[in-house]
Amino acid sequence: MPLHEGFLRHKRFRWLKVSLSLCLLTLLGYGLADVGPRSGGGTWYGYTLGTIAVLLILWLTLLGVRKRTMTRGRWSLKAWTSAHVYLGLSLVVIATLHTGFQLGWNVHTLAYGLMMVVIASGLWGVVAYATVPRALSDNREEMTEPQMLGAVEAIDRQLHEAAQPLDADMAGVVQASLDQDPFGGGMWVRLSGQDRRCATARSFAEVRKVTAGRPDVAGDPLDRVDALLERKLAALARLRRHLRLKALLEIWLYLHVPLTFALIAALIAHIVSVFFYW
C-alpha cells in the first residue's frame, strides 16, 4: 500500500467502481424500460432516476457539513470526498437519462444546466487540488507567505537607504517603487500573476536606462539601486505566483458553493412545478 493515498485513489478506486456500476445500471434500465414511448422525466423510470438524482444531490451537499467533523474509518473525510467526486460525476449520466434528452427553455432545463455547471466547477476543484499544492510548494521553497512579504519589505528598506544620495529625479523613480502595494493590482493581477502596470518594473526600466550604458564604478549608489530593484522584481514575481496559485486553489469554491445553492433552489422549483401540473 502506498504511504500516501489520495482521495481519488481511495481504497483502490472503490467509489469510482460504485459510480460506474450505478451508471451502467441506469443505462441498462433506460434501454430496457418504456421501449415506447421513449423514457423521459414523466415516465415511471424517469421519476425513479429523478428521485435518485435529487437524493444524490442532497447528499453531496453535506460534504461541507462533513468537513467540520474529522473521523477515521469507512466514512473518513477522504472516503467521503472520494464518494462526493465520483457519485457527483455519475449525475451526468443519471440526470441526463432522467431528462430523456428533452431540453428546452424552462425551469427543468435550468435545474439540469445548473447541475452540469456545478459538476464542471467541481472538476476544476479536483484538478486544482491535484496539481496546485505541488506548484505552491515548489514556488515557496520553504518560505511562508509572511516571509515572502517580509523579503519585499526588507528590500524596500535597503532601497530607501540606497536612494538617499540620488538626485531628485532618480529618488522619485525609486519612491514610485517604494509606494507600490505588493497586493495591489486587482483580481486580474491576482489570477494572472502578471502586473503590466507594476511600478517597480517601471522604476527598474528607468534606472537600467542610465546604468546600462556606462562603466561600473565602485560604490556607485545607482548601481546598488539597480541591483536592489532587480531583486525586488524577483521577490514580487515569487509573491505573485504564490497569490495566483492560492487563488486558483480557492476560486472554484466561490463558484461551486453559490451555484450549488442555486441548483437546490432550481430543483425545488422543478419538483414543485412537476407535481403541480401532474
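Preceding this section is the structure that the text describes.
Presented here is an overview of the structure given in this document. Source: prediction; values computed, not measured. (Residues numbered from 1 in each chain as written. Predicted model: local features only at pLDDT ≥ 70, side-chain atom pairs only at ≥ 80, totals over all residues. Heavy atoms only, no water.)

Here we look at helix α5 (residues 107-140)
Counted only if it meets this: Strands are runs of DSSP state E lasting at least 2 residues, helices are runs of H or I lasting at least 4, and numbering of each runs from the N terminus. A helix is expected to span 1.5 Å multiplied by its residue count minus one. A residue's bend is the angle separating two fitted axes: one through the seven residues that end there, the other through the seven that start there. Two N or O atoms count as a polar contact when they lie within 3.5 Å, although within protein this holds only if one can serve as hydrogen donor and the other as acceptor, and sequence-adjacent residues are included solely when both atoms are side-chain atoms.
Taking 1.5 Å per residue as the helical rise, α5 with its 34 residues ought to reach 50 Å, and the 47 Å between its terminal C-alpha atoms agrees with that figure. The largest bend in α5 comes to about 35°, at Tyr129, with the proline Pro133 one to four residues further on. One side-chain oxygen of the residue at the start of α5 lies 3.2 Å from the amide nitrogen of His108, identifying that residue as Asn106. Residue Glu141 follows α5 closely and has a positive phi angle near 50°.

Quick notes on unusual backbone geometry
Although it is not a glycine, Phe13 adopts a positive phi angle of roughly 60°. With respect to the helices and strands, the residue Phe13 is situated in helix α1 (residues 10-32). One non-glycine residue, Phe101, lies in the positive phi region at around 60°. Within the secondary structure, Phe101 sits in the loop between α4 (77-99) and α5.

Brief notes about the packing of helix α7 (residues 168-178) against helix α9 (residues 199-211)
Selection rule: Axis definition: a line fitted to C-alpha atoms, limited for helices to the stretch in contact. Angles are taken between N-to-C directions and run from 0 to 180 degrees. Throughout, the term roughly parallel applies to angles under 35 degrees, roughly antiparallel to angles over 145, roughly perpendicular to angles from 65 to 115, and oblique to all others. For any helix crossing, the convention is left-handed if the near helix is rotated counterclockwise from the far helix by under a right angle, and right-handed if that rotation is clockwise. In this analysis, two residues are considered to be in contact whenever any of their non-hydrogen atoms come within 4.5 Å of each other. Each residue receives one of three labels: charged for Asp, Glu, Lys and Arg, nonpolar for Ala, Val, Leu, Ile, Met, Phe, Trp, Tyr, Cys and Pro, and polar for the others, Gly being one of them.
Running from amino to carboxyl end, α7 crosses α9 at an angle of 155°, the nearest separation of the two axes being 7 Å. In this view, α7 runs roughly antiparallel relative to α9, as classed from their interaxial angle. When the axes of α7 and α9 are compared, the crossing they make is left-handed. Contacts between α7 and α9 involve Met170, Val173, Ala176 and Ser177 from the first element and Ala199, Thr200, Ser203, Glu206, Val207 and Val210 from the second. In terms of residue class, the contact of α7 with α9 is built from 6 nonpolar, 3 polar and 1 charged.

Observations regarding the packing of aromatic side chains
Worth spelling out the cut-off: Stacked, tilted and edge-to-face are the three classes applied to pairs of Phe, Tyr and Trp rings, where Trp contributes its six-membered ring and a pair requires centres within 6.5 Å; stacked means planes under 30 degrees apart, edge-to-face means over 60, and tilted covers the rest. Type-normalised accessible area, obtained with a 1.4 Å probe on protein chains alone, sets the label of each residue: buried when under 20%, exposed when over 50%, and partly exposed for intermediate values.
If you walk through the whole model with that rule in mind, you get 4 aromatic pairs. Taking 6.2 Å as the distance between ring centres and 80° as the angle between the ring planes, the aromatic pair formed by Tyr30 and Phe101 counts as edge-to-face. Taken together, the residues span a long stretch of sequence, with Tyr30 in helix α1 and Phe101 in the loop between α4 and α5 at a distance of 71 residues. Relative to Trp80, the ring of Trp59 has its centre 5.1 Å away and its plane inclined at 20°; by these criteria the two rings are stacked. Within this pair, whereas Trp59 is found in helix α2 (residues 44-60), its partner Trp80 is found in helix α4, the two being separated by 21 residues in sequence. Trp59 gets classed as partly exposed once you look at its relative accessible area, which sits at 22%.

Function cannot be inferred from these measures alone, as they are strictly geometric.
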